[in-house]
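A structural walkthrough
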Amino acid sequence: MSRRDRTAGEVLVRRLFAEHGAALLAYATRLSGDRARAEEIVRETLLRAWSQSEALSEDRGAVRAHLFPIVRAVATEQGVPAVPAGPMGMLVAVGTLAPEQREVLNQLYFQGRDVKEAAASLGLPAETVKSRSYQALRRLREAVHAAEPTGVT
């Protein structure tokens, strides 16, 4: 590896930590229940992300959507038991949504607007708001279902 590649890798890891480190650490701490262990999980996550840097995009949501599953995988490899989807799992799932879908959900559920009001606020046709809402909720359901523990009776 050339010096230039190492420098670019260091810059990438520092940028990822600056932009996403606090969220990754909070998630890893919740998974592991131990701050020191969480820091190790985040370090390993950033190293793996660096080695898969072509999968990272400039879109913040897409980067987080790529990083959070790595945190979970590293935690699992280090013996942290899988946990059912909770508030953090839902945040991870929301992070996987396209920005347009997140904005529609924000308008409908957090701003308390109806479809017509959200459409006017976003400058979109009402049918587009309905479609994005449907797709976003379907994707969230799939993400939560995928996070549920299997083999539990």
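Within an unreviewed UniProt entry, the label attached to the protein reads RNA polymerase sigma-70 factor (ECF subfamily), and the organism entered is Paractinoplanes abujensis. Comment text from UniProt for the protein, heading Sequence similarities (unreviewed entry), reads "Belongs to the sigma-70 factor family. ECF subfamily."

**A few points about the packing of helix H5 (residues 99–110) against helix H6 (residues 115–122)**
Packing of H5 against H6 leaves a shortest axis separation of 9 Å and a crossing angle of 130°. What the angle tells us is that H5 and H6 run oblique. Every pair of crossing elements has a handedness; the one defined by H5 and H6 is right-handed. Every residue of H6 that contacts H5 at Glu103, Val104, Gln107 and Leu108 is listed here: Val115, Ala118, Ser121 and Leu122. Of the residues assigned to the contact of H5 with H6, the class counts are 5 nonpolar, 2 polar and 1 charged.

**Digging into the environment of Ala126**
Along the chain, Ala126 falls in helix H7 (residues 126–147). On the accessibility criterion, Ala126 (32% relative accessible area) is partly exposed. For Ala126 and Lys116, which are 10 residues apart along the polypeptide, the C-alpha to C-alpha distance reads 5.8 Å. Sequence-distant contacts of Ala126, that is, excluding residues within four places in its chain, are made with Val115 and Ala119.

Reading guide: rules and limits
Residues numbered from 1 in each chain as written. Predicted model: local features only at pLDDT ≥ 70, side-chain atom pairs only at ≥ 80, totals over all residues. Heavy atoms only, no water. UniProt positions renumbered as here; feature names shortened; annotations may be inferred. Axes fitted to C-alpha atoms, helices over the stretch in contact; angles between N-to-C directions. Helix = DSSP H or I, 4+ residues; strand = E, 2+ residues; numbered from the N terminus. Parallel < 35°, antiparallel > 145°, perpendicular 65-115°, else oblique. Left-handed = near helix turned anticlockwise from the far one by under 90°. Contact = heavy atoms within 4.5 Å. Nonpolar A, V, L, I, M, F, W, Y, C, P; charged D, E, K, R; others polar. Buried < 20%, exposed > 50% of the residue type's maximum accessible area, 1.4 Å probe, protein only.

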